[in-house]
Amino acid sequence: MAVYLDHAATTPMLPVARDAMIDALDVVGNSSSIHSAGQNARRMLEEAREAIAGSLGCDPIEVVFTSGGTESVNLAIKGMFWARSAAGAGRRILVPRGEHHATIDTVEWLERTEGAIVEWLPTDELGRVSLEATESALSAHHDVALVTTLMASNEVGTIQPVEGVVRLATRAGVPVHADAIGAYRHLPIDFSSSGLTALSVSAHKIGGPLGIGALVVSRTAAIEPLIHGGGQQRKVRSGTQDVPAAVAFSAAARHPTMPLTGLRDRLIAGVQSAVPSAVLRGDPIDRLDNNAHFTFPGCEGDSLLYLLDAAGVCVSTGSACQAGIPEASHVLLAMGLTEAEARGALRMTLGVASTDADVDTLLSALPAAYDRAVRAGLSTRVSAL
Ligand SMILES: Cc1ncc(COP(=O)(O)O)c(C=O)c1O
């Protein structure tokens, strides 16, 4: 069996979540029906919502189930933009440069089609959004509809100064959405005291099933729905709710977490001694407990990925490739890396079932894979082509 070190992409379902889902699949009833079967489904759904709310420090009524992280982010950004701009608050969206494509593609779509003005906030060499730039954008412009930010970088693992962003935005009367999809169950989250207006999470990143996520929407938030229909979930997201998926999501949300910091640090130290020229990217201290991200000079991250895969180890370059063509990561470029440096990126992410033996297998395969990847060299393709 291959060693799996790509838990930030998706992590296996926890046995408790899988068992809960299988049991719930046998239950008949639309949770909106008023007969007893419907009410039973409704009870299961609301218990699941309560458990998820408990894991996020919010009220159950604030949890809106979606189809996953991408939908949550779309609903938050488009929904808040439409509601705020309709109320005359303005059309500007402040976005750090190192966001996930769920955010980037959403704000670019709003810019192209809905008249949004997108203002990109710089990140520092560790991938952390600049609070100074956030503050000056908020004081220079009085037409800011919202600020959106990652809670932690899904690519380089850097924990973002969300508290600082919220403090500045709240002073300016601007709502903030946080993409907590990579941070959920790795960092403490207390929505009610955070000052956030909305927060996105996804079940398959925490040992729940694929196909369900949630957007936490504060009771007082103004948000336009993306999906119209039966008016479920405070009319924020219509559609019959997926009870078995919600039940399984809640089982994962309830499952105790344990810090992965020790194994991560062993992995980082091991990579540094196996390939001394490899450079750890992201914040060395304030980083997700499951993330190790490196750039390897003189090679393509994709070559390394394929060679490690052939040696039985699944890792990631951390960034999407466009139509099968490796692109230098926008996150690394925003951190000031050159395109050549950025092309040698590799992200290794741990999950609850990761072991010392997994890390050892990676470390023993890495030197030979790196030598071969360097011999294959950097592709001469120019990114603009
Ligand atoms: C930070 C972040 N945002 C959004 C997403 C999209 O979530 P989903 O895969 O549930 O659609 C991901 C998934 O990789 C992510 O890591």
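Values in this document were obtained by computation on a predicted structure and should not be read as measured data.

> I would appreciate a short explanation of the side chain of Ser316 in the present structure.
Within the secondary structure layout, Ser316 lies in the loop between strand 11 (313-314) and helix 11 (330-334). You can call Ser316 buried: its relative accessible area is 11%. A distance of 2.7 Å separates a polar side-chain atom of Ser316 from the backbone nitrogen of Gly318. The residues touching Ser316, leaving out its near neighbours within four places in the chain, are Asp6, Leu305, Leu346 and Arg347.

> Explain the nonpolar core here, please?
Taken as a class, soluble globular proteins show a tendency for nonpolar side chains to be buried jointly. With 56 residues, the main nonpolar core has Leu56, Met151, Tyr184, Leu196, Leu199 and Phe249 as its most contacted residues. Per-element accounting of this core gives the leading share, nine residues, to helix 8 (residues 243-254). Once residues within four sequence positions are removed from consideration, Met151 is found in contact with Thr158, Ile159, Gln160, Val162, Ala178, Asp179, Ala180, Ala183, Leu187, Ile189, Leu196 and Leu199. Residues Val275, Ala278, Val313 and Leu366 belong to the second largest nonpolar core, which totals 30 residues.

> How should I be thinking about the pairing of strand 5 (residues 144-150) in this particular structure?
Here is the key point about a regular strand: its side chains alternate between the two faces of the sheet. Extensive coverage of strand 5 is indicated by the burial of seven of its seven residues. Sheet topology places strand 3 (residues 92-96) next to strand 5; three bridges connect them, and they run parallel. What sits directly across from Ile93, in strand 5, is Leu146. As paired strands, strand 5 and strand 6 (residues 176-179) are joined by four bridges and run parallel to one another. Opposite Thr148, over in strand 6, you have His177 as the bridge partner. Taken together, strand 5, helix 6 (residues 162-171) and strand 6 constitute a β-α-β crossover, and its handedness is right-handed.

> Help me understand the sheet that holds strand 4 (residues 117-121), please; the structure alone is not making it clear to me.
Paired through backbone hydrogen bonds, the strands of a sheet run either parallel or antiparallel to each other. Read from one edge to the other, the open sheet built from seven strands follows the order 2-8-7-6-5-3-4, with strand pairing classed as mixed. Two strands in the sheet have a free side with no partner beyond their single neighbour: strand 2 (63-66) and strand 4. Strand-to-strand twist of the sheet, defined as the mean angle between neighbouring strand axes without regard to direction, takes the value 20°. Judged from the four bridges that link them, strand 2 and strand 8 (residues 213-217) form a sheet pairing that is antiparallel. The partner of Val64 across the bridge, within strand 8, is Leu215. Sheet strands in contact with helix 6 are strand 5 and strand 6, and its direction is about 175° off that of strand 5.

> Which parts of the structure should I look at to understand the site of the ligand?
Lining the immediate environment of the ligand, one finds Gly68, Gly69, Thr70, His100, Leu150, Asn154, Asp179, Ile181, Ser202, His204 and Lys205. Interatomic distance of 2.6 Å between a side-chain N/O atom of Thr70 and an oxygen atom of the ligand. For the ligand, whose free accessible area comes to 390 Å², the fraction covered by protein is 84%. Among the residues making up the shell around the ligand, the classes are represented as two nonpolar, seven polar and two charged.

> Which parts of the structure should I look at to understand the domain arrangement of the protein chain?
Quite often, the size of an interface is put as the accessible area lost when its parts meet. Once the domains are mapped, the protein chain shows domain 1 (15-254) and domain 2 (258-376). Computed from C-alpha coordinates alone, the two centres of domain 1 and domain 2 are separated by 28 Å. One can count one salt bridge joining domain 1 with domain 2. Its salt-bridge partner being Asp283, residue Arg128 comes within 2.2 Å of it at the nearest N-O pair.

> Sorry, what's going on with helix 9 (residues 261-274) here?
For an α-helix, the turn length of 3.6 residues means that residues three or four places apart are oriented alike. Between its first and last C-alpha atoms helix 9 spans 20 Å; for 14 residues at 1.5 Å apiece the expected length is 20 Å, and the two agree. Within the span of helix 9, buried status applies to Leu263, Arg264, Leu267, Ile268, Gly270 and Val271. Buried residues of helix 9 fall within an arc of 165° about the axis and therefore sit on the same side. Summarising the geometry of helix 9, the exposed residues directed more than 90 degrees from the buried face are Gly262 and Ser273.

> Just checking my understanding: could you explain the packing of aromatic side chains for this structure?
Two descriptors summarise a pair of aromatic rings, namely the distance from one centre to the other and the angle between the planes of the rings. Taken as a whole and assessed by the stated rule, the structure comprises three aromatic pairs. Seen from their ring centres, Phe296 and Tyr370 are 5.8 Å apart, and the 50° between their planes marks the pair as tilted. Taken together, the residues Phe296 in the loop between strand 10 (291-295) and helix 10 (301-310) and Tyr370 in helix 13 (residues 356-376) connect sequence positions 74 residues apart. An aromatic cluster is built from Phe294, Phe296 and Tyr370, whose rings are joined through pairwise contacts. In this structure, Lys78 is placed above the aromatic ring of Trp109, and the distance from its NZ or CZ to the ring centre is 4.7 Å.

Rules behind the numbers
- Residues numbered from 1 in each chain as written.
- Predicted model: local features only at pLDDT ≥ 70, side-chain atom pairs only at ≥ 80, totals over all residues.
- Heavy atoms only, no water.
- Helix = DSSP H or I, 4+ residues; strand = E, 2+ residues; numbered from the N terminus.
- Buried < 20%, exposed > 50% of the residue type's maximum accessible area, 1.4 Å probe, protein only.
- Polar contact = N/O pair within 3.5 Å; in protein donor to acceptor, adjacent residues only side chain to side chain.
- Contact = heavy atoms within 4.5 Å.
- Core = buried A, V, L, I, M, F, W, Y, C linked by side-chain atoms within 4.5 Å.
- Pairing = 2+ DSSP bridges.
- Right-handed = clockwise from strand over helix to strand, strands pointing away.
- Axes fitted to C-alpha atoms, helices over the stretch in contact; angles between N-to-C directions.
- Near = heavy atom within 4 Å.
- Areas by Shrake-Rupley, 256 points an atom, 1.4 Å probe, with all protein chains shown as cover.
- Nonpolar A, V, L, I, M, F, W, Y, C, P; charged D, E, K, R; others polar.
- Domains from an automatic or database assignment.
- Salt bridge = Lys/Arg side-chain N within 4 Å of Asp/Glu carboxyl O.
- Expected span 1.5 Å × (residues − 1).
- Arc of directions from axis to C-beta.
- Phe/Tyr/Trp six-rings, centres within 6.5 Å; stacked < 30°, edge-to-face > 60°.
- Lys NZ or Arg CZ within 6 Å of the ring centre and 35° of its normal.

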